[in-house]
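Geometric and topological summary
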Amino acid sequence: NANAYQPPNLDHLFGTDIFGRDVLARAAHGTVTSLIVGTFGALLAVMIGTVFGAVAGYFGGPIDDAIVWFFTTIDTIPYILLVVSFSFIVGPGLGTLCLAIGLTSWVSHCRIVRGEFMKHREREYVQGAQALGASHARRIFIHILPNTFHLVLINFSLGFVSAIKSEVILSYLGLGVKAGTPSWGMMISDAKLELSREVWWGLAAATIFMFCLVLAFTLFNNALRDALDPKLKNR
């Protein structure tokens, strides 16, 4: 292919790969993959963590003990090993990746939500709702959860960044997206052989795009925390 491994130029700002494909276009399409995995993976983790944390923190007792034992057991296993094992068993794919990240990254969020519900369940507004005959579900989801929702949003943003990193690592190992799907992890994996030929632009493009996206969401998370955290508002 005459267009293979062209260095960066005016027509191809990040050069071309072995098949003559524009590296900038591959990196841009990899952004879409990362956004999908980050959004759905973090959303699933936040939903699971919120439900388990709310139930454990609100009811306490044996229910709390059982949920704490469950997430403590999961937390003893390194997170990335859980994701790798799940992806290896089910097989690579975008949907599998979102599911694997969501089902293995909810523990920290569950612990935070549980602590907040334990603080709120004895407060006056919850006791007032109980006196008016509000059900457990209403007290959990209508009265307490809105007062902890800033933590849900902040943890979603943090989980989004973590999911992107997991997708890159798994795709690099060949356990993430399927072959042919644009991914920064696949680009970095391809760069292992390309660097020996002094073809550095594929690695540079994936690294720059990943750095910019992670930096943007880190700054967004800091701004979100400053705007929503009541403790910071009162300073």
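So, a few notes on the structure that sits alongside this text. Along each chain, residue indices are assigned from 1 in the same order as the chain's sequence is written. Per-residue local features of the predicted model are confined to residues with pLDDT of at least 70, and side-chain atom pairs are confined, for both listing and counting, to 80 or more; whole-chain, interface and lining totals are unaffected and use all residues. To obtain the side-chain values, all non-hydrogen atoms of the structure were used and water was disregarded.

Brief notes about a nonpolar patch on the surface
The following threshold applies: Note on patches: the residues involved have over 30% relative accessible area and no salt bridge, like charges join within 9 Å, and the nonpolar side chains Val, Leu, Ile, Met, Phe, Trp and Tyr join within 5 Å. Throughout, the Shrake-Rupley method with a 1.4 Å probe supplies accessible areas, and for residues the shown protein chains are the sole cover considered. Salt bridges are defined as contacts in which a side-chain nitrogen from Lys or Arg sits within 4 Å of a carboxyl oxygen from Asp or Glu. The helix count covers DSSP runs of H or I at least four residues long, the strand count covers runs of E at least two residues long, and both are numbered beginning at the N terminus. Exposure is judged per residue with a 1.4 Å probe applied to protein chains only, and the accessible area is read against the type maximum: over 50% gives exposed, under 20% gives buried, and values in between give partly exposed.
On the surface, Val32, Ile36 and Phe40 cluster together into a nonpolar patch covering about 260 Å² of accessible area. In this structure, Val32 sits in helix H1 (residues 23–59). Residue classification places Val32 among the partly exposed positions, given a relative accessible area of 45%.

Notes on the side chain of Thr16
Here is the rule we go by: Polar contacts, as used here, are pairs of N or O atoms within 3.5 Å; protein pairs need one atom able to donate a hydrogen and one able to accept it. Residues neighboring in sequence count only if both atoms are side-chain atoms. For this analysis, residues touch if any pair of their heavy atoms sits within 4.5 Å.
As for its placement among the helices and strands, Thr16 is situated in the segment before H1. Take Thr16: its relative accessible area is 1%, and that puts it in the buried class. Of note is the side chain of Thr16, whose polar atom sits 2.8 Å from the backbone nitrogen of Gln6. Ignoring sequence-local partners within four residues, the contact set of Thr16 consists of Asn3, Ala4, Tyr5, Gln6, Arg21, Asp22, Val23 and Trp201.

Notes on the pattern of salt bridges
On inspection of all chains with the given rule, the structure shows six salt bridges. For Arg21, the salt bridge identified is with Asp17, shortest N-O distance 2.8 Å. Taking the shortest distance from any N to any O, the salt bridge between Asp190 and Arg26 comes out at 3.7 Å. Residue Asp190 is found in helix H9 (residues 184–194), and its partner Arg26 is found in helix H1; the two are separated by 164 residues along the sequence. Overall, the relative accessible area of 17% leaves Arg26 in the buried class. The network of salt bridges with common partners includes Asp17, Arg21, Arg26 and Asp190.

Topic: H1
Inclusion rule: Given the number of residues in a helix, its expected span is that number minus one, multiplied by 1.5 Å.
Look at H1: 53 Å from first C-alpha to last across 37 residues, which is about the 54 Å you get at 1.5 Å a residue. Near the N-terminus of H1, the side chain that reaches the backbone nitrogen of Leu24, with its oxygen 3.1 Å away, is that of Asp22. Just downstream of H1 lies Gly60, where phi reads positive at about 65 degrees.

A short note on the environment of Val68
Relative to the helices and strands, Val68 is located in helix H2 (residues 61–75). A C-alpha to C-alpha distance of 52 Å links Val68 and Arg197, two positions 129 residues apart in sequence.

Some words on empty space enclosed by the protein
Quick note on the threshold: Of the grid points, spaced at 1 Å and generated over the protein atoms alone, those admitting a 1.4 Å probe that cannot get out make up cavities, while open sets with protein on both sides within 12 Å along at least five of seven lines make up pockets; any residue with an atom within 4 Å of a point is treated as lining. Grid points are joined across faces, edges and corners, and a volume is the space filled by probe spheres set on the points. Residue polarity follows a fixed list, in which Ala, Val, Leu, Ile, Met, Phe, Trp, Tyr, Cys and Pro are nonpolar, Asp, Glu, Lys and Arg are charged, and the others, Gly among them, are polar.
Within this structure, the stated rule accounts for one cavity of 30 Å³ or more. Considered as a void within the structure, the largest cavity measures approximately 60 Å³ in volume. Lining the largest cavity are Tyr5, Thr16, Asp17, Val23, Arg26, Met187, Asp190, Glu194, Val199, Trp201 and Gly202. With three residues, the top contributor of residues to the lining of the largest cavity is H9. Looking at the lining of the largest cavity residue by residue, the class counts come to five nonpolar, two polar and four charged.

Looking at the nonpolar core
Soluble globular proteins: nonpolar side chains tend toward being buried together. Applied cut-off: For the purposes of this section, nonpolar cores are sets of buried Ala, Val, Leu, Ile, Met, Phe, Trp, Tyr and Cys residues that join through side-chain atoms within 4.5 Å.
Membership of the largest hydrophobic core comes to 18 residues, with the highest contact counts inside it found for Val23, Ile164, Trp184, Met187 and Ala205. Mapped onto this core, the elements with two or more residues apiece are H1, helix H8 (149–173), H9 and helix H10 (201–228). Every residue in contact with Trp184, bar those within four places of it in the chain, is listed here: Ala27, Gly30, Thr31, Ser34, Ile164, Val168, Ala206, Phe209, Met210 and Leu213.

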